[in-house]
Amino acid sequence: MTADGCGAPAGGVAASAATGSQAVVEGRVVHDGAAVGTGYARLLGTGDEFVAEVPLGTDGGFRFFAAPGPWTLRILAPGGLRAERAVQADYGQVTTVDVAL
Amino acid sequence: MSRSDVLVDADWAEAHIGDPHVVIVEVDEDTSAYDKGHIPGAVKIDWKKDLQDPVRRDFVDKTGFEALLSERGISNDDTVLLYGGNNNWFAAYAYWYFRLYGHGKVLLLDGGRKKWELDSRELSTDVPSRPKTSYTATEQDRSLRALRDEVIDAIGKRNLVDVRSPDEFAGRLLAPAHLPQEQAQRAGHIPTARNVPWSKAANEDGTFRSDEELRHLYADEAGLDFGKDTIAYCRIGERSAHTWFVLHELLEQPNVKNYDGSWTEYGSLVGVPIELGEAR
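Every residue gets a number counted from 1 within its own chain, in the order that chain's sequence is written. Each chain gets a letter, beginning with A, and each ligand a number, beginning with 1, in the order they are written. Owing to the predicted nature of the model, reporting of local features is limited to residues with pLDDT of at least 70; listing and counting of side-chain atom pairs is limited to 80 or more, with chain, interface and lining totals taken over all residues.

A. Focus on the overall build of chain B. A run of H or I in DSSP counts as a helix once it spans at least four residues, and a run of E counts as a strand once it spans at least two, with each numbered from the N terminus. Secondary structure summary: chain B contains eleven helices and nine strands in total. Only the C-alpha atoms count toward the radius of gyration. The rule for a globule is 2.2 Å times the residue count to the power 0.38. Computed over the C-alpha atoms, the radius of gyration of chain B is 18 Å, within 12% of the 19 Å expected from 2.2 N^0.38 for a compact globule of 280 residues. The principal-axis extents of the C-alpha atoms in chain B amount to approximately 50 × 40 × 35 Å. Expressed as a percentage of its 280 residues, the buried residues of chain B come to 49%. Long-range pairs, those at least 24 residues apart, make up 75% of the contacts in chain B between residues at least 6 apart in sequence. Residue burial here comes from a neighbour count, namely the number of other C-beta atoms, placed from the backbone, that lie within 10 Å of the residue's own C-beta, with 20 or more meaning buried, 12 or fewer meaning exposed, and in between meaning partly exposed. The contact criterion used is a C-beta to C-beta distance within 7 Å, with each C-beta placed from the backbone.

B. Focus on the interface of chain B and chain A. Chain B puts 35 residues into the contact, and the matching count from chain A is 30 residues. Of all the elements in the fold, those that place two or more residues in the side of chain B that touches chain A are α3 (32–36), α5 (85–100), α6 (112–118) and α8 (166–170) of chain B. When residues of the side of chain B that touches chain A are assigned to their parent elements, the largest contribution, four residues, is made by α5 of chain B. Broken down by class, the residue content of the side of chain B that touches chain A amounts to 14 nonpolar, nine polar and twelve charged. Under this grouping Gly is polar, as are all residues other than the nonpolar Ala, Val, Leu, Ile, Met, Phe, Trp, Tyr, Cys and Pro and the charged Asp, Glu, Lys and Arg.

C. Summary view of the domain arrangement of chain B. All names here are of chain B. These domain limits were set by an automatic method or by a database of domain assignments. What the domain assignment reports for chain B is domain 1 (3–140) and domain 2 (144–266). Each of domain 1 and domain 2 was reduced to a C-alpha centroid, and the two centroids are 23 Å apart. Listed per partner, the contact involves 21 residues of domain 1 and 18 residues of domain 2. For the side of domain 1 that touches domain 2, the element with the highest residue contribution is α5, accounting for ten residues. Of the residues that constitute the side of domain 1 that touches domain 2, the class distribution is eleven nonpolar, five polar and five charged.

D. Quick peek at the sheet that holds strand β2 (residues 22–28) of chain B. Residues and elements named next belong to chain B. Overall, parallel pairing links the five strands, which are arranged β1-β5-β4-β2-β3 in an open sheet. The sheet is open, and its two borders are formed by β1 (7–8) and β3 (43–46), each paired with just one other strand. Whether two strands pair depends on DSSP finding at least two bridges between them. With four bridges joining them, strand β4 (residues 79–83) and strand β5 (residues 105–109) adopt parallel strand pairing. Bridge pairing links L81 to L107 in β5.

E. Looking closely at helix α10 (residues 239–250) of chain B. Residue and element names in this part refer to chain B. Any helix carries an expected span of 1.5 Å times its number of residues minus one. The end-to-end C-alpha separation of α10 is 16 Å, in line with the 16 Å expected for twelve residues at 1.5 Å each. Of the residues making up α10, those classed as buried are R239, S240, A241, H242, T243, W244, F245, V246, L247, H248, E249 and L250. Immediately beyond the C-terminal end of α10, within one or two residues, lies E252, with a positive phi of roughly 55 degrees.

F. Region of interest: the environment of A219 of chain B. Residues and elements named next belong to chain B. Mapping A219 onto the fold places it in helix α9 (residues 211–221). By the C-beta count within 10 Å, which is 13 here, A219 ends up partly exposed. Measuring from C-alpha to C-alpha, the distance between A219 and E26 comes to 32 Å, with 193 residues separating the pair along the chain. Ignoring anything within four residues of it in the chain, the contact list for A219 reads L224 and F226.

G. View of the sheet that holds strand β6 (residues 69–77) of chain A. Residue and element names in this part refer to chain A. Reading across the sheet, the four strands line up as β4-β3-β6-β7 and stay open at both edges, with antiparallel pairing between neighbours. Each end of this open sheet is capped by a strand with a single partner; those strands are β4 (50–55) and β7 (81–89). Within the sheet, the average angular offset between the axes of one strand and its neighbour, ignoring direction, is 20 degrees. As defined by bridge partners, β6 adjoins β7 across nine bridges and the pair is classed as antiparallel. Along β7, the bridge assignment pairs G69 with A89. Note on geometry: axes are C-alpha line fits, over the in-contact stretch for helices, and angles between N-to-C directions span 0 to 180 degrees.

H. Structural view of unusual backbone geometry. The backbone of D32 of chain A sits at a positive phi, close to 50 degrees, despite the residue not being glycine. With respect to the helices, strands and loops of the structure, D32 of chain A is situated in the loop between β1 (23–31) and β2 (34–35). A count of 7 C-beta atoms within 10 Å places D32 of chain A in the exposed class. With a phi close to 60 degrees, S120 of chain B is a non-glycine residue in the positive phi region. Judged by the 12 C-beta atoms lying within 10 Å of it, S120 of chain B is exposed.

Below you can see the structure in the form of structure tokens.
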């Protein structure tokens, strides 16, 4: 998907679309050892301010292109499953956060 | 119009699956979501392929909208229930189209695809077959749509609501944080615009906040003067369609327009004023 729309495809925009200057936050979500293919990854700023959301890919994957700085990653999945992780994004870095629910 | 006239919950949608007078329509940018599974009986509309002009930057004209709805098997007297991913951004955008082209009864599913999925409700991969219709649209209702000159003229006079994220508003990002940031437009916002990110109008599950919370958000927190006309914008006009829906349909503000050219147009115009920095 090109950036002419604003939506997030499942799993996030492909990494090949990113340049080395991006501050990428990505990872996979699993539950009981299996990928969580239905659910949402939310990126929150200070004070839980919503920044972005990506539906999880079939492999449980997600990817954000954030501004550099500290973020909170929140995962929502059916059955009331949820998790939260603190994450630091930096330009030129791919920060990987794998989450087990 | 009030909330109950334009917004229904998932129980209502479930009860109307198979109702011959209700057409459920999923609207997405990424239509692989529909292909993976959709509300049983729902037809799909592709935000880009179906709703945008394929050549120039504009949306489908009256004839194109009529052809689309006829092909999807939607009649003028059908109730259309829209839902979609991305917290209903594209469904709200399509809802705005249905209003622009004068459809009689159109509804939005509160929470859209997200709440439906999080509730573990049934999804189907069966694609329904609906007989073609002869849909007739009205001329575009221009009282709902703002074009660039009107937006420039509104600076300092009307409410301008920038519904993008604070980082986009301030000029630190050019697109939402789930997209690469390589675009060429200038960053920032339209002078005098208030920043009320669309997400503040929604709960975590994608449903809209209560009317009371929404009124407090726009009038008290953001300082919008409800006595003035309002133009909402974002980057390409779909997140601002979500806010247009809140202000015009839920809060029943009479003169609210969506600027679908939004920042990808405004931020590329030569010579127009731009502000950088945080919301005041």
